[in-house]
Amino acid sequence: MKNIVIAIMFLVSIKVHAQDTIVLSLPQSYELGLKNRFDAQANKINVDLANNTVEKSKKEWLPDINATGDIRYNTQLQTMVFPDGFGNGVSTVITMGTKNNTLFALDLTQPIYKPGINTDIKIAKNNALLEQEKNREKNISIKQSIAQAYLNVILKEVQWKSADEVTKRNAEYYSLAEEKYKLGVLLENDYLKSQLDYENAKHSELKTKQNYDLAMMQLKFQLNIDNATTLILSDSIESIQNQEALIEADNVERTELKQLDLQYKSNELNLKKSQYYFLPTISLTANYSTQFQAETFDYKRNEWSPFNYVGVKFSLPITGNIKNRNTKNEYRLKMTQTELNLKQKQQEISIEILQYKTELENAEKSIIESKNNLLLSKKVHQSQLNTYRLGTASYSSLLDTESSLETSEQNYIEAVYNFLLARINYEKAIGKL
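Predicted model only: the values in this text are computed from it and were never measured.

Chemist: How would you sum up the overall build of the protein? Please name residues and give values.
Modeler: In terms of helices and strands, the protein carries 9 helices and 8 strands. The principal-axis extent of the C-alpha atoms belonging to the protein is close to 150 × 70 × 45 Å. Sequence separation of at least 24 residues holds for 83% of the intrachain contacts in the protein that already meet a minimum separation of 6. For the protein, the exposed area adds up to about 27100 Å²; of that, 54% sits on carbon and sulfur atoms.

Chemist: I'd like a description of the sheet that holds strand S2 (residues 64–73), backed by residues and values.
Modeler: What the 4 strands build is an open sheet, ordered S2-S5-S7-S8; its pairing is antiparallel. With partners counted over all chains shown, the strands left at the sheet margins are S2 and strand S8 (304–315), one partner each. Each strand of the sheet is rotated relative to its neighbour by a mean of 15 degrees, with strand direction disregarded. Two elements, strand S5 (residues 100–113) and strand S7 (residues 281–294), share 13 bridges in a ladder whose sense is antiparallel. Bridge pairing in S7 links Tyr113 to Ile282.

Chemist: Just give me the short version of the pairing of strand S3 (residues 78–83), but keep the residues and values in it.
Modeler: With 0 of 6 residues buried, S3 is to be regarded as a mostly surface element. Here S3 pairs with strand S4 (residues 91–96) via 6 bridges, running antiparallel. Among the inter-strand pairings, Phe82 is bridged to a residue of S4, identified as Thr92.

Chemist: Pulling in residues and values, what's your account of the pattern of salt bridges?
Modeler: The tally for this structure, following the rule as stated, stands at 21 salt bridges. Close ionic contact of Glu409 with Arg169 constitutes a salt bridge, the shortest N to O distance being 3.5 Å. With Glu409 in helix H9 (residues 395–429) and Arg169 in helix H4 (residues 117–183), this residue pair connects regions lying 240 residues apart in the sequence. Its relative accessible area of 12% is what places Glu409 among the buried residues. A salt bridge links Glu172 to Arg389; the nearest nitrogen and oxygen atoms lie 2.3 Å apart. With Glu172 in helix H4 and Arg389 in helix H8 (residues 320–390), this residue pair connects regions lying 217 residues apart in the sequence. Residue classification places Glu172 among the partly exposed residues on the basis of a relative accessible area of 29%.

Chemist: Residue-level account of the confidence of the model for the protein, with values.
Modeler: Averaged over the protein, the pLDDT score is 87; the fraction of residues at 70 or greater is 92%. Per-residue pLDDT, averaged within each element of the protein, yields its smallest value for helix H1 (residues 2–20) (50) and its largest for helix H2 (residues 26–36) (95). Across residues 10–18 the pLDDT falls below 50, and counting only partners more than four positions away or on other chains, this stretch makes 0 contacts in the model.

Chemist: Just give me the short version of a positive patch on the surface, but keep the residues and values in it.
Modeler: The grouping of Lys122, Lys125, Lys265 and Lys272 at the surface amounts to a positive patch. Taken together, the elements giving at least two residues each to the positive patch come down to H4 and helix H7 (255–274). Counting through the fold element by element, Lys272 comes out in helix H7. The class of Lys272 is partly exposed, set by a relative accessible area of 32%.

Chemist: Requested: an account of the packing of helix H3 (residues 38–58) against H4, with residues and values cited.
Modeler: Two numbers describe how H3 lies on H4: the axes approach to 8 Å, and their chain directions differ by 175 degrees. Classified by the angle between their axes, H3 and H4 sit roughly antiparallel to one another. For the pair formed by H3 and H4, the contact residues are Asp39, Ala40, Asn43, Lys44, Asn46, Val47, Ala50, Asn51, Thr53, Val54, Ser57 and Lys58 on the first element and Asp120, Ile121, Ala124, Lys125, Asn127, Ala128, Glu131, Gln132, Asn135, Lys138, Asn139 and Ile142 on the second. Here the residues of the contact of H3 with H4 sort into 8 nonpolar, 9 polar and 7 charged.

About the thresholds
- Residues numbered from 1 in each chain as written.
- Predicted model: local features only at pLDDT ≥ 70, side-chain atom pairs only at ≥ 80, totals over all residues.
- Heavy atoms only, no water.
- Helix = DSSP H or I, 4+ residues; strand = E, 2+ residues; numbered from the N terminus.
- Contact = heavy atoms within 4.5 Å.
- Areas by Shrake-Rupley, 256 points an atom, 1.4 Å probe, with all protein chains shown as cover.
- Pairing = 2+ DSSP bridges.
- Axes fitted to C-alpha atoms, helices over the stretch in contact; angles between N-to-C directions.
- Buried < 20%, exposed > 50% of the residue type's maximum accessible area, 1.4 Å probe, protein only.
- Salt bridge = Lys/Arg side-chain N within 4 Å of Asp/Glu carboxyl O.
- pLDDT = per-residue confidence, 0-100.
- Patch = residues over 30% accessible without salt bridge, like charges linked within 9 Å, V, L, I, M, F, W, Y side chains within 5 Å.
- Lys, Arg positive; Asp, Glu negative; His and termini not counted.
- Charge placed at Lys NZ, Arg CZ, Asp CG, Glu CD.
- Parallel < 35°, antiparallel > 145°, perpendicular 65-115°, else oblique.
- Nonpolar A, V, L, I, M, F, W, Y, C, P; charged D, E, K, R; others polar.

Structure, rendered in structure tokens:
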């Protein structure tokens, strides 16, 4: 029994650990962020609302059925006065009605022809597509923020590891300096300088670790996950850099262009609807009523008197057509405005694509140059370190090569990071993010 309890506790601990640790690639982080973030969920509701409006507009063809009831007690009945017609001043007074007057009615109005109702459905569907594109634009912005936070964590982790390597190298310098100092072949000042450099390297490593923790915290915020969760990034600078190169699409699928196109269509449909304004609305009307009139409220008595009717109702706007001229002119102007905005946006996107493509190409060249510089710095540093071990080089000359090596490492890391950011910006520019 004891072994069973231990086994259960072990399985539970594994499950909890699995829940507290998440392994994510960059595409998976997009998916998780869009799933978890409250703003993404709120934005999606706009799409649901637009789809609901489509269903609502379709139901405009349904008949309007109303049931009404009226129970009335007449505390004083109405009287009618009838003159005798002979001019002698004698009139007859008659009391009309009953104390209880109860009426139940069922009214039906069924649209037969209603101008613009089918256009309303098309407008609602077009607006639903527009909301989908607006939601897509907001999701792209969210994904871009997640990508920047994800890459920043990778950058800070590499900088942290680089700082750790610097600390290890300075620890080696300090160890060599200590040996030389004990042998009396190194000045005390150089020995103390190596100790100070080692302590400064440890401090710099601590700062890079803190920067990494802050970057990880920001990524978790972007993904809307608990800060206590252990997050492991499966992508690295090298793996993302080695992904397939992007191919520029002939037709750029930018949501901004689709939105403007849908706005133009919406104004076009509204103009079409306004052109139907002069047509009449025709509806079928029907009523069934039953009335109870008596001196008491004894509804069991057979004194109910039903009546009903059917008819056709016409409604034609007259003065409204005068006002409608301005409405039609408004939508024509909006169509022209949207068309101009669309042309302007196409030009802006063309320039944007060219700009980010150039930045991406420059970043690729910068990676090659910084990598070559890094390899050369490592060779120079190793050669200088070997010379320093032999005692034929000063500590200051070793520090010069160390400084050059650190600069080359940082330049290479930042070059790759800038390349990855340029790639994301280019993906967004051609509508692939």
